[in-house]
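Working through the structure, step by step
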Amino acid sequence: MEGSFQEHPYVPRDLKLPGFVPLSLSQSTIVGVYGISSLLVVSLVWLFSENLDVILSDLYFYFLASYGFASTILNYGRSLKNSNIDRWLMCWWAFTGLTHIILEGYFAFSPEFYQDKTANYLAEVWKEYSKGDSRYAARDAGTVVVEGLTAVFEGPASLLAVYAIATRKSYSYILQFAISLGQLYGTAVYFLTAYLEGDNFAASPYYYYAYYIGANASWVVIPTLISIRCWKKICAAIQVQGQKKTKAR
């Protein structure tokens, strides 16, 4: 039985991880690949976001033309370019959506990632991140549920937000507000459950602040700012609608 437990770098030291396979990739490689991939996604979205609504409108135009909807085509017009704020928001939602779906989705549905022997990048990410929060390696029920719900619901919703902003859908602000609240709720549950359980899941102070705190800080600050902005936009729209109804009377 003793030989079935490979020594691991996580805390608590007596955490049982049968079949644990040590990391194959270095920390610099894991972080570097994630950073470069994230930068590539943000760069591509930023590059195309300025005229993304025009591109989508053109596709819609050619679709209508191919089916002979001439009357609709006569009303076709190009939209204005997206503002820089909208473009940054599209970058954020694309980045966070893919992170939720790919990284968190892999964790939620790969219960034995720590046994991976193939140097699978996604498995390596979670082996490394578990140094900052061993609840991931231990498959803590609360953590799995939060990450699973985030991957299944918030991930696709975040990508939908990119489309909603680009095409100026009426539900754009409500959607962004809902996703942001969901992210804040998930982050709050994540931190509070760790605190209530003793907050002793990091291998060292370095991993605690770099991974547990640093890697999650964006999902506190940015959703808070987006929530405030969306709340103001929604309130302003309701106020304008109310004024129109008053004048109509």
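Owing to the predicted nature of the structure, the values given are computational and were not obtained by experimental measurement.

Further remarks concern a nonpolar patch on the surface. On the surface, a cluster of nonpolar side chains totalling about 530 Å² of accessible area is made up of F109, V145, L149, V152 and F153. Relative to the assigned elements, L149 resides in helix α6 (residues 141-166).

A few words on the packing of helix α4 (residues 84-108) against helix α5 (residues 121-129). Their axes nearest at 10 Å, the elements α4 and α5 cross at an angle of 80°. In terms of orientation, α4 lies roughly perpendicular with respect to α5. On α5, the residues that touch I102, L103, E104, Y106 and F107 of α4 are L122, A123, V125 and W126. In terms of residue class, the contact of α4 with α5 is made up of eight nonpolar, no polar and one charged.

Ranked by internal contacts, the top residues of the largest apolar core, which has 23 residues, are Y10, L17, Y106, F113, W126, Y129 and Y136. For this core, the elements supplying multiple residues, two or more each, are α4, α5, α7 (172-196) and α8 (205-248). The leading source of residues in this core is α5, at five residues. In contact with Y106, not counting residues within four places along its chain, are I101, F113, N120, L122, A123 and W126. Within the second largest apolar cluster, 20 residues are counted, among which are C91, W92, A157 and I179.

A few words now on the layout of surface pockets. Each pocket or cavity is described by its volume, and for the largest pocket that value is around 710 Å³. Along its surface, the largest pocket is lined by 32 residues, and W126, Y129, A215, N216 and W219 are the ones closest to its centre. Mapped by element, the contributors of at least two residues to the lining of the largest pocket are α1 (27-49), α4, α5, α6, α7 and α8. At seven residues, the largest contribution of residues to the lining of the largest pocket is made by α8. In terms of residue class, the lining of the largest pocket is built from 16 nonpolar, 12 polar and four charged. Roughly 230 Å³ of volume is contained in the second largest pocket. Of all elements in the fold, only α1, α4 and α5 reach the threshold of two or more residues within the lining of the second largest pocket.

Under the 1.5 Å per step criterion, the end-to-end length of α6 is 37 Å for 26 residues, consistent within 8% with the ideal 38 Å. Maximum bend of α6: about 35°, positioned at A151. Near the N-terminus of α6, the side chain that reaches the backbone nitrogen of G142, with its oxygen 3.3 Å away, is that of D140. Positive phi appears at R168, one or two residues downstream of α6, with a value of about 55°.

A separate point is the pattern of salt bridges. When the charged atoms of two side chains lie near each other, side chains of opposite charge can form a pair. Counted by the stated rule, this structure contains five salt bridges. As a salt-bridge pair, D86 and R229 come within 3.9 Å of each other at their nearest N and O atoms. Highlighted residues: D86 in helix α4 and R229 in helix α8, separated in sequence by 143 residues. Residue classification places D86 among the buried residues on the basis of a relative accessible area of 16%. The partner of E128 in a salt bridge is K131, with the nearest N and O atoms 3.1 Å apart. Like K131, E128 is buried.

Turning next to the side chain of R87. Here R87 shows up in helix α4. Within polar-contact distance, the side chain of R87 engages the side chain of S49 at 3.0 Å. Ignoring anything within four residues of it in the chain, the contact list for R87 reads W46, S49, E50 and N82.

Conventions and cut-offs
Residues numbered from 1 in each chain as written. Predicted model: local features only at pLDDT ≥ 70, side-chain atom pairs only at ≥ 80, totals over all residues. Heavy atoms only, no water. Patch = residues over 30% accessible without salt bridge, like charges linked within 9 Å, V, L, I, M, F, W, Y side chains within 5 Å. Areas by Shrake-Rupley, 256 points an atom, 1.4 Å probe, with all protein chains shown as cover. Salt bridge = Lys/Arg side-chain N within 4 Å of Asp/Glu carboxyl O. Helix = DSSP H or I, 4+ residues; strand = E, 2+ residues; numbered from the N terminus. Axes fitted to C-alpha atoms, helices over the stretch in contact; angles between N-to-C directions. Parallel < 35°, antiparallel > 145°, perpendicular 65-115°, else oblique. Contact = heavy atoms within 4.5 Å. Nonpolar A, V, L, I, M, F, W, Y, C, P; charged D, E, K, R; others polar. Core = buried A, V, L, I, M, F, W, Y, C linked by side-chain atoms within 4.5 Å. Buried < 20%, exposed > 50% of the residue type's maximum accessible area, 1.4 Å probe, protein only. 1 Å grid on protein atoms, 1.4 Å probe; cavity = no way out; pocket = protein on both sides within 12 Å on 5 of 7 lines; lining within 4 Å. Points joined across faces, edges and corners; volume = space filled by probe spheres on them. Expected span 1.5 Å × (residues − 1). Bend = angle between axes of the 7 residues up to and from the residue. Polar contact = N/O pair within 3.5 Å; in protein donor to acceptor, adjacent residues only side chain to side chain.

Treat this as a map of the structure, not an account of what it does.
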